[in-house]
Amino acid sequence: MPAARALFVVLVLVTAAACGTGQPISTSGGRAAVGVQLVGSVFFGSGSTAPANLEVLVENRSPAEIVVRHIRVESSGMATWGIYPAQRTFRETLSPGQVRAFPMYATAATTRRSPTEPLTVRAVVQFDSGTERFQEFFSGMVHQD
């Protein structure tokens, strides 16, 4: 089953690249690929806010270990719904070629009862690699199930 999970994560990264802004998933040095997926559906019910569970997918593309230090997700410029900024601190080491999903918990807000547009998300992931610090970005759309 771990091989199936890894294949799924790679497929999600490829899909995220296709659905993104037309830019590569990783917009800086290319040492790590970053993607975002919405886990489950966001259900607003009769309210205007609801939990939004996201996974930030990170693939180590460098020949050395990297450490995921901090992740921030947010949405902006949404017409009918979006998420409030959320951030978490991590200390997770990824070996070369390793892919890992990092859970992020955000609050979604809407101006409509049943928004239909896809969610646009920006994720910033900060890393350490030896004595160097760097960050990678993702900006693109994620769709509800």
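Everything numeric here is computed off the predicted structure, so don't read it as measured data.

The next thing to look at is the confidence of the model for the protein chain. Mean pLDDT over the protein chain stands at 82; residues scoring 70 or higher make up 79%. Between residues 4-28, whose pLDDT stays under 50, and residues either more than four places distant or in other chains, the model counts 34 contacts.

Right, let's talk about the nonpolar core for a bit. In this structure, Val56, Val58, Val68, Ile71 and Val73 are the most contacted members of the largest nonpolar core, which totals 32 residues. What valine 56 contacts, discounting residues up to four positions off in sequence, is Val34, Gly35, Val36, Ile71, Val73, Arg100, Ala101, Phe102, Met104 and Val125.

As a further point, take the pattern of salt bridges. Scanning the entire structure with this criterion turns up seven salt bridges. Between glutamate 132 and arginine 31 there is a salt bridge, and its shortest N-O distance comes to 3.0 Å. Here glutamate 132 is found in strand E8 (residues 132-142), whereas its partner arginine 31 is found in the loop between helix H1 (2-19) and strand E1 (32-38), with 101 residues between them in sequence. On the accessibility criterion, arginine 31 (25% relative accessible area) is partly exposed. Among the salt bridges present, the one from arginine 72 reaches glutamate 74, with a minimum N-O distance of 3.1 Å. Exposure remark for glutamate 74: the relative accessible area of 23% places this residue in the partly exposed category.

Turning our eyes to something else, we now look at the packing of aromatic side chains. This structure, assessed with the given rule, holds three aromatic pairs. Their ring planes at 70 degrees and their centres at 5.1 Å tell us that phenylalanine 90 and phenylalanine 102 sit as a pair that is edge-to-face. Of this pair, phenylalanine 90 sits in strand E5 (residues 86-94) while phenylalanine 102 sits in strand E6 (residues 99-110), and the two are 12 residues apart along the sequence. The exposure classification of phenylalanine 90 matches that of phenylalanine 102, with both residues buried.

Rules behind the numbers
- Residues numbered from 1 in each chain as written.
- Predicted model: local features only at pLDDT ≥ 70, side-chain atom pairs only at ≥ 80, totals over all residues.
- Heavy atoms only, no water.
- pLDDT = per-residue confidence, 0-100.
- Contact = heavy atoms within 4.5 Å.
- Core = buried A, V, L, I, M, F, W, Y, C linked by side-chain atoms within 4.5 Å.
- Buried < 20%, exposed > 50% of the residue type's maximum accessible area, 1.4 Å probe, protein only.
- Salt bridge = Lys/Arg side-chain N within 4 Å of Asp/Glu carboxyl O.
- Helix = DSSP H or I, 4+ residues; strand = E, 2+ residues; numbered from the N terminus.
- Phe/Tyr/Trp six-rings, centres within 6.5 Å; stacked < 30°, edge-to-face > 60°.

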